[in-house]
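# Residue-level structure breakdown
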Amino acid sequence: MSLTIAAFWPPPPHETTAARYREIAEAGIDLVITGNYLGDQVILRHALARAEEAGLGVLVASDPRVEVLMRDLDVDPAPLIAQVVEDYRPFRSFRGLSLMDEPTAEQFPRLAAGVAAARAAGAFAYANLLPSHATGPYDAYVGEFARVVRPDVLSFDRYPFLAGRFDEGYLADLTTVREHARRAGLPAWMYVQTLAYDGHREPSAAELAWQVNTALAYGYTGIQYFTYWTPDPARGEGFQPALIGGDGVPTERYGVVRDLNTRWLRPVAAELTGWTSAEHAGDVLIGHYGERRLVCNARFDRPAEVTLDGITQAFDPATGSYQACGATVMLAPGAARLVR
């Protein structure tokens, strides 16, 4: 599997340093999605240079020229988008443009023109979809986006850990987006909730792993963390500390995500090819990858046990090898194992 691990909301301008971008890379992240006041060419070029030094890619999501252009303006977007791409192309870290976040269906035609312009300029074209509770019928919304906009990936966000409860619609959206990605022949990307904000609670280590592992079971190839740096309180929505606190100090979840990415996600993704389907079997979710099965605990609040016929080996991410095992798989809350 060609896996992308992305961080949204990077360090703010005054923290856009070589050390901070090494810190991102050390967490097993390979793509930075800009924001957090990186909102002009000067600071964006500075961020691209720091990312280049750290071996990271950058998806530019906050160029003000693109943001203005993607409003409903009666102007051809191609010349300006070509200029934006040309401005950033000299940096090896430049991966493409995020043209719009959470578009409505009415914005799809304008977004399609922007995607076509970015593609014509030789840049990766990205836009992230709304969740179903913010749209009309979700299957129609995602299908229309894929048909009209023709993006390079299908990406969506829905943050399931609410104050006092779990968002029961989360897995349905995960399924819908993945199915439309399959039909369109596109990669599927999703966002992982890392923090508490506006009616959402702080996820535990098991819940962080559960979000990643359920996405893998559904064949997602893009894992995006929302957020990396903690958004400024002045933005509203009551953001609490993310992977890096507003004071610049890594939280416990930074270490959890670093270990999850480097000790599990990267090694196991290298083994995953040929995803065909996902199925639920009681408290277990199984992703089918040829002769391999990614067996995921569908519960983040208790362990699970499953017995699978024909299983003889399990993958050890520490050694990168398969070892003999029995047919019964024990899973901690939110955990997964790769077997064959």
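Report on the accompanying structure.

## So, the overall build of the chain
- When helices and strands are tallied, the chain shows nine helices and 18 strands.
- In summary, the chain has a C-alpha radius of gyration of 20 Å against a globular reference of 20 Å for 340 residues, a match within 12%.
- Across the chain, every contact between residues at least 6 apart in sequence was considered, and the portion connecting residues at least 24 apart equals 70%.
- Here the chain has roughly 13,800 Å² of accessible surface; of this, 51% comes from carbon and sulfur atoms.
- Charge centroids of the chain, computed over 30 positive and 41 negative side chains, lie 4 Å from each other.

## A closer look at the sheet that holds strand β1 (residues 4-8)
- As summarised here, the arrangement of the eight strands in space is β1-β2-β3-β4-β5-β6-β9-β10, forming a closed barrel in which the pairing is parallel. Neighbour to neighbour, the strand axes of the sheet diverge by 30° on average, direction disregarded.
- Where strand β9 (residues 188-193) lies against strand β10 (residues 222-226), five bridges are found, and the strand directions are parallel. Considered in β10, the bridge of Val 192 is made with Tyr 225.
- Helix α5 (residues 108-120) contacts β4 (94-101) and β5 (124-129) of the sheet and is inclined by roughly 170° relative to β4.

## A look at the pattern of salt bridges
- For the structure on display, the rule yields 21 salt bridges.
- Linked by salt bridges that have partners in common, Glu 15, Arg 20 and Glu 23 make up one network.

## What about helix α8 (residues 205-217)?
- Counted at 1.5 Å a residue, the expected span for α8 with its 13 residues is 18 Å, and the 18 Å between its end C-alpha atoms agrees.
- Burial within α8 is extensive, with eleven of its 13 residues counted as buried.
- Every buried residue of α8 is listed here: Glu 207, Leu 208, Ala 209, Trp 210, Gln 211, Val 212, Asn 213, Thr 214, Ala 215, Leu 216 and Ala 217.
- Once α8 finishes, Gly 219 follows within two positions and takes phi at roughly 85°, a positive value.

## Looking at the environment of Gly 246
- Tracing the backbone shows Gly 246 in the loop between β10 and α9 (252-269).
- Spatially, the C-alpha atom of Gly 246 lies 23 Å from that of Val 42, the residues being 204 residues apart in sequence.
- Non-local contacts of Gly 246, meaning those with residues more than four positions away in its chain, are made with Trp 229 and Thr 230.

## Remarks on the packing of aromatic side chains
- Enumeration according to the criterion identifies 23 aromatic pairs in this entry.
- Ring centres of Phe 108 and Phe 145 lie 5.4 Å apart, and the angle between their planes is 65°; on these two criteria the pair is classed as edge-to-face. With a gap of 37 residues between them, Phe 108 in helix α5 and Phe 145 in helix α6 (residues 138-149) connect regions that are remote in the sequence. Take Phe 108 and Phe 145: they sit in the same class, and that class is buried.
- An aromatic cluster of three or more residues is present, and its members are Phe 8, Trp 9, Tyr 159, Tyr 191, Tyr 197, Phe 226 and Phe 239.
- Positioned above the aromatic ring of Tyr 322, the side-chain terminus of Arg 340 is 3.7 Å from the ring centre.

## With respect to the environment of Asp 316
- Along the chain, Asp 316 falls in strand β15 (residues 313-316).
- Distance in space between the C-alpha atoms of Asp 316 and Val 268 is 8.6 Å, their sequence separation being 48 residues.
- Ignoring any residue separated from it by four or fewer positions in sequence, one finds Asp 316 in contact with Ser 321 and Gln 323.
- Among the polar contacts made by the side chain of Asp 316, one reaches the side chain of Gln 323 at a distance of 3.3 Å.

## Some words on the packing of α8 against α9
- Interaxial distance between α8 and α9 falls to 10 Å at its minimum, and their mutual angle equals 30°. Relative to α9, the element α8 lies roughly parallel. Handedness of the α8/α9 crossing: right-handed. On α9, the residues that touch Ala 205, Leu 208, Ala 209, Val 212, Asn 213 and Leu 216 of α8 are Arg 253, Val 256, Val 257, Leu 260, Trp 264, Leu 265 and Val 268.
- The residue makeup of the contact of α8 with α9, split by class, is eleven nonpolar, one polar and one charged.

## As for the packing of α5 against α6
- Closest axis-to-axis distance for the α5/α6 pair is 9 Å, and the angle between their directions is 40°. When the interaxial angle is binned, α5 and α6 end up oblique. Of the two possible hands of crossing, α5 and α6 adopt the one that is right-handed. Residues Phe 108, Pro 109, Leu 111, Ala 112 and Val 115 of α5 lie in contact with α6, whose contacting residues are Tyr 141, Glu 144, Phe 145, Val 148 and Val 149.
- Class assignment for the residues of the contact of α5 with α6 results in nine nonpolar, no polar and one charged.

## Thoughts on unusual backbone geometry
- Cis geometry marks the peptide bond from Phe 226 to Thr 227, where omega comes out at -5°.
- Assignment of secondary structure puts Thr 227 in the loop between β10 and α9.
- Look at Asn 36: it is not a glycine, yet its phi comes out positive at around 55°.
- Looking at where Asn 36 falls in the secondary structure, it is placed in the loop between β2 (31-33) and α2 (41-54).
- Backbone geometry at Tyr 37 places phi at a positive 70°, although glycine is not the residue there.

Each value, and the rule that gives it
Residues numbered from 1 in each chain as written. Predicted model: local features only at pLDDT ≥ 70, side-chain atom pairs only at ≥ 80, totals over all residues. Heavy atoms only, no water. Helix = DSSP H or I, 4+ residues; strand = E, 2+ residues; numbered from the N terminus. Rg over C-alpha atoms; globule rule 2.2 N^0.38 Å. Contact = heavy atoms within 4.5 Å. Areas by Shrake-Rupley, 256 points an atom, 1.4 Å probe, with all protein chains shown as cover. Lys, Arg positive; Asp, Glu negative; His and termini not counted. Charge placed at Lys NZ, Arg CZ, Asp CG, Glu CD. Pairing = 2+ DSSP bridges. Axes fitted to C-alpha atoms, helices over the stretch in contact; angles between N-to-C directions. Salt bridge = Lys/Arg side-chain N within 4 Å of Asp/Glu carboxyl O. Expected span 1.5 Å × (residues − 1). Buried < 20%, exposed > 50% of the residue type's maximum accessible area, 1.4 Å probe, protein only. Phe/Tyr/Trp six-rings, centres within 6.5 Å; stacked < 30°, edge-to-face > 60°. Lys NZ or Arg CZ within 6 Å of the ring centre and 35° of its normal. Polar contact = N/O pair within 3.5 Å; in protein donor to acceptor, adjacent residues only side chain to side chain. Parallel < 35°, antiparallel > 145°, perpendicular 65-115°, else oblique. Left-handed = near helix turned anticlockwise from the far one by under 90°. Nonpolar A, V, L, I, M, F, W, Y, C, P; charged D, E, K, R; others polar.

That is the geometry; function is a separate question.
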